[in-house]
Amino acid sequence: MHTFYRIGWRGKATRHIISIGDFDRRQIDRLLDNAKRIDAQKYDKNALFGKILATLFFEPSTRTRMSFEAAMARLGGTSLSVGSVEACSMAKGETLADTVRVVSGYADAIVIRHPKEGAARLAAQFATVPVINAGDGAGQHPSQTLLDLYTIRQSMKLDEINVALVGDLRYGRTAHSLASALSLYGANLHTVSPKGLELPASLLAELTGKGMRVTDYNSIGDAIPEVDVIYVTRIQRERFPDSASYFDVTSSYRITPETLANAREHAIVLHPLPRVDEIDPRVDSLPHAKYFNQSRNGVPVRMAMLQQVMQ
Amino acid sequence: MKRAESEGGEGGNAEKGENEGLLVRRIRSGTVIDHIAAGEALNVVKILGITGTTTEALSIATNVPSGQMGKKDIVKLNNRELSKQEVDRIALISPHATINIIRNFKVCEKKGVEIPDVVEGLVRCPNPGCITNTNEPIASRFSVTGKGLRCAYCDWIIGHDITSYIL
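Here's a quick rundown of the structure.

Conventions we followed
- Residues numbered from 1 in each chain as written.
- Chains lettered and ligands numbered in written order.
- Predicted model: local features only at pLDDT ≥ 70, side-chain atom pairs only at ≥ 80, totals over all residues.
- Heavy atoms only, no water.
- Pairing = 2+ DSSP bridges.
- Helix = DSSP H or I, 4+ residues; strand = E, 2+ residues; numbered from the N terminus.
- 1 Å grid on protein atoms, 1.4 Å probe; cavity = no way out; pocket = protein on both sides within 12 Å on 5 of 7 lines; lining within 4 Å.
- Points joined across faces, edges and corners; volume = space filled by probe spheres on them.
- Nonpolar A, V, L, I, M, F, W, Y, C, P; charged D, E, K, R; others polar.
- Buried < 20%, exposed > 50% of the residue type's maximum accessible area, 1.4 Å probe, protein only.
- Contact = heavy atoms within 4.5 Å.
- Buried area = accessible area lost by both parts, 1.4 Å probe.
- Salt bridge = Lys/Arg side-chain N within 4 Å of Asp/Glu carboxyl O.
- Polar contact = N/O pair within 3.5 Å; in protein donor to acceptor, adjacent residues only side chain to side chain.
- Core = buried A, V, L, I, M, F, W, Y, C linked by side-chain atoms within 4.5 Å.
- Axes fitted to C-alpha atoms, helices over the stretch in contact; angles between N-to-C directions.
- Parallel < 35°, antiparallel > 145°, perpendicular 65-115°, else oblique.
- Left-handed = near helix turned anticlockwise from the far one by under 90°.
- Disulfide = S-S within 2.5 Å.
- Expected span 1.5 Å × (residues − 1).

### Considering the sheet that holds strand β6 (residues 118-120) of chain B
- If you trace the four strands from one edge of the open sheet to the other, you get β6-β7-β8-β9 (chain B), paired in antiparallel fashion. Strands with a single pairing partner mark the edges of an open sheet, and in this sheet they are β6 and β9 (157-158) of chain B.

Right, dumping it as structure tokens:
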């Protein structure tokens, strides 16, 4: 796959980040290397001085939005945003295409989250400034995947690791993107999910087609001793007909100190957050718990992304 | 009953022994689409954007015996020469179709269809959550892959039954 380029009206090649599938391994490594330099404070604090980032979030977000804004501020730039969907012109029926054309005139880059799949790709088609996808429906969320990879890389090399994906693997976009990215590194995948929330067959075929070994488990306890990374995703209550069946399922997929008793010593637990019941708070103090580091890593990784598209 | 016509029409490419029974008159000029998979003629017409309100004189023969294919469909369009782009769309549902461009009752060009790399504005994305199924000013766009048509916006794949999604 290729990074997606387009010539903007200013005559410059505009670079967008829409999908992790647009990156090859070399491009991911380069971006993560830059994030590492930023993390070590080896960066120009005025690199984006005078630049403006527009954050267009048509869905709720805490971490992604704040970390993009924090990243922009740390690079010396500023951010603009619409307060809420109700407060913007789309509430009056304006198309997304028109919105991004207009916002392109106000800002030097756009970060967008939208409920419809493919919305970021559409935005990139009409914007005259770089667009970064911060989540489009059940589709892509590349900045999350990059920070997931970055967090794993802080603990181990990415090559040929064993990764368990736990929880809602059918609708969980972060799990899909991570699985695709890991296929570039020769990882083995171990999946643990409730019935009906398994990895989509099309994605499974794509991953195995790339040579990835995927093993499915009925019980989380069987998978944990086999893996280096346990990536937990939230199981959404609305996927179940009633609360009782939801609680039945979530309790069997919960990560606790007991389920981690057989984990490899170096194994790490990740979660894109917010968590609800998937991880027992007692796990927070164990050395395996890396999900708050993961969340914090959103800032250096997004700084590297902003630098990539705006410099 | 009208005179039987050579299969595929005007090009003298008849498969011998099948010359009897076709009810479709030869055309002076236009396009004959031959070797369409049996039963797909109406979908071919749909792909070409021909509706009851367009002006072309159109002849359709379905389930015609064919030595090569067992059965096939044929579509003849009077006074319209199809472009390569139009022709290649047919390949999505009938990859073995052949196109004969007719001028003054003679076949002037004869070509097969090639599956295009990209299909725009022809097929609706089945994903209800896809941005192309909204009021945005864009046409659907699919890349043609070994697994089927992949939506350029949401990556949804139409693996089979493409005709159900033709716009």
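Following the structure, the description resumes.
### Some remarks on empty space enclosed by the protein
All names here are of chain A.
- By the definition in use, this model includes one cavity of 30 Å³ or more.
- Taken as a whole, the largest cavity encloses approximately 40 Å³ of empty space.
- Val 166, Gly 167, Val 232, Thr 233, Ile 235, Thr 250, Tyr 253, Arg 254, Asp 277 and Glu 278 together form the lining of the largest cavity.
- When its residues are assigned to classes, the lining of the largest cavity shows four nonpolar, three polar and three charged.

### Brief notes about the environment of A:Ser202
All names here are of chain A.
- Note that Ser 202 resides in helix α7 (residues 201-209).
- The exposure class of Ser 202 is partly exposed, given its relative accessible area of 47%.
- For Ser 202 and Met 303, which are 101 residues apart along the polypeptide, the C-alpha to C-alpha distance reads 33 Å.

### Some thoughts on the interface of chain A and chain B
- Contact with chain A, which involves 15 residues of that partner, is made by 16 residues of chain B.
- The contact between chain A and chain B buries some 1200 Å² in all, and 51% of this surface belongs to carbon and sulfur atoms.
- It is A:Lys116, A:Glu117 and A:Leu122 that lose the most area in chain A upon contact with chain B, and together they represent 39% of the buried surface on that side.
- Summed over the shared surface of chain A and chain B, the result is one salt bridge.
- Salt-bridge contacts for A:Glu206 lead to B:Arg150; the nearest nitrogen and oxygen are separated by 3.3 Å.
- Applying the counting rule to chain A against chain B returns nine residue pairs in polar contact (both at pLDDT 80 or more).
- Looking at the side of chain A that touches chain B, the elements with two or more residues in it are α3 (96-104) and α4 (119-126) of chain A.

### Some thoughts on unusual backbone geometry
- Cis rather than trans, the peptide bond between A:Leu273 and A:Pro274 has omega equal to 5 degrees.
- Within the secondary structure, A:Pro274 sits in the loop between β11 (268-270) and α10 (291-296).
- You will see that B:Asn79, though not glycine, has its phi angle at about 60 degrees, which is positive.
- As for its position among the elements, B:Asn79 is in the loop between β3 (70-78) and α2 (84-90).
- Unlike most non-glycine residues, B:Asp161 shows phi in positive territory, near 55 degrees.
- Of note, B:Asp161 is situated in the segment after β9.
- What makes B:Asp161 partly exposed here is its relative accessible area of 44%.

### A look at the nonpolar core
- The biggest cluster of nonpolar side chains holds 56 residues, and the ones touching the most others in it are A:Leu146, A:Leu165, A:Leu182, A:Leu189 and A:Leu306.
- Ignoring sequence-local partners within four residues, the contact set of A:Leu189 consists of A:Val163, A:Leu165, A:Ala179, A:Leu182, A:Leu199, A:Leu207, A:Met212, A:Arg213, A:Val214 and A:Thr215.
- Core analysis: the next-biggest nonpolar cluster, separate from the first, contains 55 residues, A:Ala119, B:Ile36, B:Ile50 and B:Ile131 among them.

### What to know about the pairing of strand β2 (residues 58-66) of chain B
Residue and element names in this part refer to chain B.
- Here β2 runs beside β3; their pairing, made up of seven bridges, is antiparallel. Counterpart to Pro 65 in the pairing with β3 is Lys 71.
- The hairpin formed by β2 and β3 contains three residues between the paired strands.

### A short note on the layout of surface pockets
- Roughly 1700 Å³ of volume is contained in the largest pocket.
- Every residue lining the largest pocket is counted, 46 residues in all, and those nearest its centre are A:Gln140, B:Arg150, B:Cys154, B:Asp155 and B:Trp156.
- Those elements giving two or more residues to the lining of the largest pocket turn out to be α4, α6 (173-182) and α7 of chain A together with β7 (141-145) and β8 (148-151) of chain B.
- In terms of residue class, the lining of the largest pocket is made up of 20 nonpolar, 14 polar and twelve charged.
- Estimates place the volume of the second largest pocket at around 780 Å³.

### So, the packing of helix α1 (residues 25-39) of chain A against helix α11 (residues 298-310) of chain A
Residues and elements named next belong to chain A.
- It is at 8 Å that the axes of α1 and α11 come closest, and there the two elements cross at 120 degrees. Considering the angle they form, α1 stands oblique to α11. Pair α1 / α11 crosses with right-handed handedness. Of the residues in α11, those touching α1 at Leu 31, Asn 34, Ala 35, Ile 38 and Asp 39 are Pro 300, Val 301, Met 303, Ala 304, Met 305, Gln 307 and Gln 308.
- Counted by class, the contact of α1 with α11 contains eight nonpolar, three polar and one charged residues.

### Remarks on the state of the cysteines
Residues and elements named next belong to chain B.
- Tallying each qualifying case throughout the model produces zero disulfides over all chains.
- Cys 154 provides the cysteine sulfur closest to Cys 130, a residue in no disulfide bond, and the two sulfurs are 3.7 Å apart.
- We note that Cys 151 lacks a disulfide partner, and the nearest cysteine sulfur, in Cys 154, lies 3.8 Å from it.
- Relative accessible area serves as the criterion here: at 1%, Cys 151 is assigned to the buried category.

### Quick word on α11(A)
Residues and elements named next belong to chain A.
- With 13 residues, α11 should reach 18 Å at 1.5 Å per residue; the first-to-last C-alpha distance of 18 Å fits that figure.
- Counting buried positions over the 13 residues of α11 gives twelve, a clear majority of the element.
- Of all the residues in α11, the buried ones are Gly 298, Val 299, Pro 300, Val 301, Arg 302, Met 303, Ala 304, Met 305, Leu 306, Gln 307, Val 309 and Met 310.

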